[in-house]
Amino acid sequence: MSEPRDRKSAPVPQSRMSRLARMGSLAGRIASNVVLEGSKHLAQGKRPVMSDLLLTPSNLHQVADKLSSMRGAAMKMGQLLSMDSGNLLPDELSSILERLRSDAVTMPMSQLVMVLERHWGEDWNERFSRFSFKPLAAASIGQVHEATCTQGRHLAIKVQYPGVRQSIDSDIDNVYSLLRMTGLIPKSLDLQPLLDEARQQLKQEADYLMEGAHLDAYRQHLQTFERNTDLVLPAFHADLSTPEILTMDYVTGDSLDTLRSMSAEKRTDIMSLIFSLFFAELFDFKCVQTDPNLANYLYQTDTHKLVLLDFGAVRAFNPDFVNKYQDAMSAAVTQDRQALDAALQNLGFFQNGMKAANREVVLDIFMMAAEPLRYNNDYAFGQSDLAKRIQARGLSVSSDPDAWHTPPPDVLFLHRKMAGLYLMATRLNASVNVQALFTQYLKS
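Residues numbered from 1 in each chain as written. Predicted model: local features only at pLDDT ≥ 70, side-chain atom pairs only at ≥ 80, totals over all residues. Heavy atoms only, no water.

Chemist: Looking at this structure, how should I read the overall build of the chain?
Modeler: Scanning the chain for helices and strands turns up 17 helices and 13 strands. In the chain, once contacts between residues fewer than 6 apart in sequence are set aside, the share between residues at least 24 apart is 72%. (Helix = DSSP H or I, 4+ residues; strand = E, 2+ residues; numbered from the N terminus. Contact = heavy atoms within 4.5 Å.)

What follows is the structure, given as structure tokens:
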């Protein structure tokens, strides 16, 4: 683990009513701000435009701050929207929601102790020779603490925020209603498939015993991975775990951001390992860790190994889906537009009656996204404008929301992972021969 940093601390609202009240107070503040901003426009002789009144820095920061303080599914909802909806959301809202991916507020010690006593009993501290109350890390549904048990095991303990599991359904409904009611999400944009899938994903992530099982299963998968000796997975300690407390080995390492100052060769090697692992996850394991967050990795400079940390967002893929997606990727790499159209149709991309022009846009975007897999050399992610080109092409669909069709959930979560890997490679300014890694899976 890297060194903990100072974080804001505030009690987590636990009851459904208290969480709903926070959403209501936020809606009231946004409404008040709209009235105030509208008055300013009128005083200046301008005709107020509702989108301009809603998308003010004040409103957007209040949305992000409130979701961050609520944590749980409310915060996770903002994270999912920022990553999965892409250019379908206003740029201003997307940029603010992006903050939620690394800006959690921690529990105060009194609330933390309450959670520990509920799961381990009032004498919980007798199990440990040392327990650090200062969190090492904080995320949307839990925070991590360092401890040493009386048997000498050095541990990282993830403690879930109270009320998170019970509030998933209501949080998602409340946040979505708020954003739609205030106009921060276009009323014509149907995100229901994403929301339904988010519910299931969050309920899975909130079951820490399931995450522990995923960790053990993933370790078994890695036995067939050709570079498994370059990876480190913490051990899961079931005897100190509950559905809301996950106990693992404490594993040292540095943030991947530190790789930015390393040699190009080292950055290329690490990103090649991450891309190679992704292809093995999808095509061999058929089990993908779908949260491409830099915080889910550490790098050990002394052993030159990559540490994999988080397994809450592991998603199993049906072999039939994997086969169909493999067809689509192969068609995109070989630039066979007709085969790609058929493959995407098989995946459920296109609704009946979808406008031909929009269908062409989807094909274009998929073809563009395969550019690194098609490039017969090291692809320089740091110098590429691929993300901008994809966004620019996508605007022709998002400007007509009635014509938009949300892809199947499996595709959404898979694209979330792929887009995250591209962004990670860009952030690390890495050049990777992705084609060489993918060639063994390419269908002729």
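Read on for the rest.
Chemist: Is there a simple way to think about the environment of Leu-202 in this case?
Modeler: Along the chain, Leu-202 turns up in helix α8 (residues 192–205). By relative accessible area, Leu-202 is classed as buried at 4%. Put simply, Leu-202 and Gly-312 are 110 residues apart on the chain and 8.7 Å apart in space, counted from C-alpha to C-alpha. (Buried < 20%, exposed > 50% of the residue type's maximum accessible area, 1.4 Å probe, protein only.)

Chemist: Help me understand the pattern of salt bridges in this model?
Modeler: Any two side chains of opposite charge can pair, given that their charged atoms come close. One pass over the structure, following the stated rule, counts 19 salt bridges. Between Asp-310 and Lys-158 there is a salt bridge, with the nearest N and O atoms lying 3.5 Å from each other. Placement of the pair is Asp-310 in the loop between β10 (305–308) and β11 (314–316) and Lys-158 in strand β4 (residues 154–160), with a sequence separation of 152 residues. Between Glu-371 and Arg-389 there is a salt bridge; the shortest N-O distance is 2.9 Å. Remark: Arg-389 occurs in helix α15 (residues 386–398) and Glu-371 occurs in helix α14 (residues 371–374); sequence separation between them is 18 residues. (Salt bridge = Lys/Arg side-chain N within 4 Å of Asp/Glu carboxyl O.)

Chemist: Before we go on, may I ask you to explain the packing of helix α11 (residues 319–333) against helix α12 (residues 337–347) in this structure?
Modeler: When two helices pack together, their arrangement is given by the angle between the helix axes and the distance between those axes. Orientation of α11 relative to α12, taken along the N-to-C sense of each, is 155 degrees, at an axis distance of 8 Å. When the axis of α11 is compared with that of α12, the two are roughly antiparallel. α11 and α12 meet at a crossing whose hand is left-handed. Residue-level contacts link Phe-321, Lys-324, Tyr-325, Asp-327, Ala-328, Ala-331 and Ala-332 of α11 to Ala-339, Leu-340, Ala-343, Leu-344, Asn-346 and Leu-347 of α12. Here the contact of α11 with α12 is composed, by residue class, of ten nonpolar, one polar and two charged. (Axes fitted to C-alpha atoms, helices over the stretch in contact; angles between N-to-C directions. Parallel < 35°, antiparallel > 145°, perpendicular 65-115°, else oblique. Left-handed = near helix turned anticlockwise from the far one by under 90°. Nonpolar A, V, L, I, M, F, W, Y, C, P; charged D, E, K, R; others polar.)

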